[in-house]
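Listed below, chain by chain, are the residues.
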Amino acid sequence: MDLHGKVAVVTGSGRGLGLGYAQALAAAGASVVVNDIDRAVVDAAVGTITSAGGRATGVVAAVGGSAAADQLVDTAVREFGRLDVLVTNAGILRDRVLWKMTDEDFDAVTGVHLRGTFTCARAAAVRMREQGTGGRLILISSPAGQRGNFGQTNYAAAKAGVVAMARTWAMELARADITVNAVVPVAATEMTKTVPAFAPVIAEAERTGEPLPDWLRRDEGLGTVDDVAGLITFLASDASKGVTGQAIGIGGDRLALWAHPKEKAVAFADGGWSAEAIAAEWYEGVGAEPETYGIPAPQAPEA
């Protein structure tokens with residue numbers, strides 16, 4: 001996939017998945033703006049890209065407000081002349097069950113994931129529309145945003161909002177030839193290493209250097225950071241010009257298209273529905289097969 005001549009901003013790209021995205025884009029020929037809140041981390045990430053022959057510069061900023069978003073876009077234009085791709089990867093976690101989650105926990109996570117995606121995408125869209133040559137907005141979501149996850153009210157809500165914004169912006173930016181998609185990645189990172197079913201398997205693979213087992217790569221769709229990066233490169237390229245408004249899952253050996261929410265079952269009552277009529281209908285009718293919720297627990301094969 002050839003990205004020579006394209007310029008990308010990747011938020012939260014000092015380490016982990018974000019760094020993998022930035023490295024993959026640079027390897028395909030794009031000039032990349034790396035972002036993190038730690039100067040040493042940014043410098044190290046830029047160094048890994050440039051030492052491999054890529055072009056990169058860094059911005060130390062906390063994603064969330066408009067000033068940081070403008071700084072990222074302005075840096076891309078100043079250093080490389082334009083902006084073609086934005087990947088909104090920056091994020092933090094403050095996991096708590098509902099009754100223990102504070103206002104600060106909620107605001108911190110939604111401020112980075114949701115507001116940060118909004119402010120960065122807005123700044124990028126303004127620049128891309130001014131350029132008049134289209135562009136790519138790639139918004140990073142999560143399975144938690146698609147299904148919910150225990151202890152992640154703030155994170156799940158933000159990641160669900162990211163997908164909703166992708167669908168909305170895909171409509172609003174279509175005439176400008178700017179595609180907008182949400183990516184739902186699953187990879188062995190510091191966060192997934194905390195999942196009890198995953199931790200020992202990941203640790204053993206790291207110890208031996210052997211690939212993750214098939215049940216993880218295929219059944220759970222969990223692999224390495226490199227397994228995810230190919231989707232980012234594809235969505236940044238001209239090959240994806242007809243792909244927009246989608247939520248796309250990637251991880252391990254699995255590539256998936258997530259369904260949009262839709263009505264599953266419908267019933268009608270002349271004159272409308274009373275509470276009593278709903279109670280009589282629900283369990284044998286519309287609600288007979290309720291939807292599941294939460295991320296299914298990983299299932300390792302029996303020995």
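Rules used throughout
Residues numbered from 1 in each chain as written. Predicted model: local features only at pLDDT ≥ 70, side-chain atom pairs only at ≥ 80, totals over all residues. Heavy atoms only, no water. Helix = DSSP H or I, 4+ residues; strand = E, 2+ residues; numbered from the N terminus. Buried < 20%, exposed > 50% of the residue type's maximum accessible area, 1.4 Å probe, protein only. Contact = heavy atoms within 4.5 Å. Areas by Shrake-Rupley, 256 points an atom, 1.4 Å probe, with all protein chains shown as cover. Lys, Arg positive; Asp, Glu negative; His and termini not counted. Charge placed at Lys NZ, Arg CZ, Asp CG, Glu CD. Salt bridge = Lys/Arg side-chain N within 4 Å of Asp/Glu carboxyl O. Core = buried A, V, L, I, M, F, W, Y, C linked by side-chain atoms within 4.5 Å. Pairing = 2+ DSSP bridges. Right-handed = clockwise from strand over helix to strand, strands pointing away. Axes fitted to C-alpha atoms, helices over the stretch in contact; angles between N-to-C directions. Parallel < 35°, antiparallel > 145°, perpendicular 65-115°, else oblique. Left-handed = near helix turned anticlockwise from the far one by under 90°. Nonpolar A, V, L, I, M, F, W, Y, C, P; charged D, E, K, R; others polar.

Caption draft 1: A look at the overall build of the protein chain. The secondary structure content of the protein chain amounts to 10 helices and eight strands. Here the C-alpha coordinates of the protein chain stretch approximately 65 × 50 × 40 Å along the principal axes. Across the 303 residues of the protein chain, 46% fall into the buried class. Taking the contacts inside the protein chain whose residues are at least 6 apart along the sequence as the reference set, 69% of them involve residues at least 24 apart. Only carbon and sulfur atoms are counted for the fraction: they give 54% of the accessible area of the protein chain, which is about 15,600 Å². For the protein chain, the distance from the average site of its 26 positive side-chain charges to the average site of its 35 negative ones is 7 Å.

Caption draft 2: Molecular detail of the pattern of salt bridges. Applying the stated criterion to the full structure yields 10 salt bridges. Across the pair Arg-217 and Asp-227 runs a salt bridge, and its minimum N-O distance is 2.8 Å. Taken as a pair, Arg-217 in helix H8 (residues 214-219) and Asp-227 in helix H9 (residues 225-236) lie far apart in primary sequence, 10 residues in all.

Caption draft 3: Spotlight on the nonpolar core. Among the nonpolar cores identified, the biggest contains 35 residues, and Leu-137, Trp-169 and Val-180 are the most heavily contacted of them. For this core, the element with the highest residue contribution is helix H4 (residues 103-131), accounting for seven residues. Beyond its immediate chain neighbours, meaning those up to four positions away, Leu-137 contacts Leu-86, Ala-121, Ala-124, Met-128, Trp-169, Leu-173, Ile-178, Thr-179, Val-180 and Asn-181. Listed in part, the 32 residues of the second largest apolar core include Val-10, Ile-49, Ala-187 and Leu-231.

Caption draft 4: Molecular detail of the pairing of strand S3 (residues 55-60). As defined by bridge partners, strand S2 (residues 31-36) adjoins S3 across six bridges and the pair is classed as parallel. If you follow Ser-31 over to S3, its bridge partner there is Arg-55. Note on the crossover from S2 through helix H2 (residues 39-51) to S3: the handedness is right-handed.

Caption draft 5: Structural view of the packing of helix H1 (residues 16-27) against H9. H9 packs onto H1 with a crossing angle of 50° between their chain directions and a minimal axis gap of 8 Å. Overall, the two elements H1 and H9 adopt an arrangement that is oblique. The handedness of the crossing between H1 and H9 comes out as right-handed. On H9, the residues that touch Gly-16, Leu-17, Gly-20, Tyr-21, Ala-24 and Leu-25 of H1 are Val-225, Val-228, Ala-229, Ile-232, Thr-233 and Ala-236. Taken together, the residues that form the contact of H1 with H9 break down as nine nonpolar, three polar and no charged.

Caption draft 6: Region of the structure containing the sheet that holds strand S1 (residues 7-10). Spatial ordering of the open sheet is given by S3-S2-S1-S4-S5-S6-S7-S8, a layout of eight strands whose pairing is mixed. Of all strands in the sheet, those bounded by a partner on one side alone are S3 and strand S8 (254-257). Going from strand to strand, the sheet's axes swing by 20° on average, the running direction of each strand aside. As judged from the four bridges shared by strand S7 (residues 247-251) and S8, these two strands associate in the antiparallel manner. Bridging across to S8, Ile-250 finds its partner in Leu-255. Sheet strands touched by H1: S1, S2, strand S4 (85-88), strand S5 (135-140) and strand S6 (178-185). Its angle to S1, the strand with the most contacts, is close to 175°. Each of S1, S2 and S3 is contacted by helix H3 (residues 66-80), which is oriented at about 150° to S3, the strand it contacts most.

Caption draft 7: Representation of the packing of H3 against H4 within the structure. Packing of H3 against H4 brings their axes to within 8 Å, and their N-to-C directions diverge by 40°. Accordingly, the angle class assigned to the pair H3 and H4 is oblique. Like other packed secondary-structure pairs, H3 and H4 cross with a definite hand, here right-handed. Along its contact with H3, which presents Ser-66, Ala-69, Asp-70, Leu-72, Val-73 and Val-77, the element H4 presents Thr-119, Cys-120, Arg-122, Ala-123, Ala-124 and Arg-127. Classifying every residue of the contact of H3 with H4 gives seven nonpolar, two polar and three charged.

Caption draft 8: Region of interest: the pairing of S5. Counted residue by residue, S5 has six buried out of six residues, so it is predominantly covered. Pairing geometry for S4 and S5, over four bridges, is parallel. What sits directly across from Val-85, in S5, is Arg-136. Note: S5 against S6, six bridges, orientation parallel. Considered in S6, the bridge of Leu-137 is made with Val-180.

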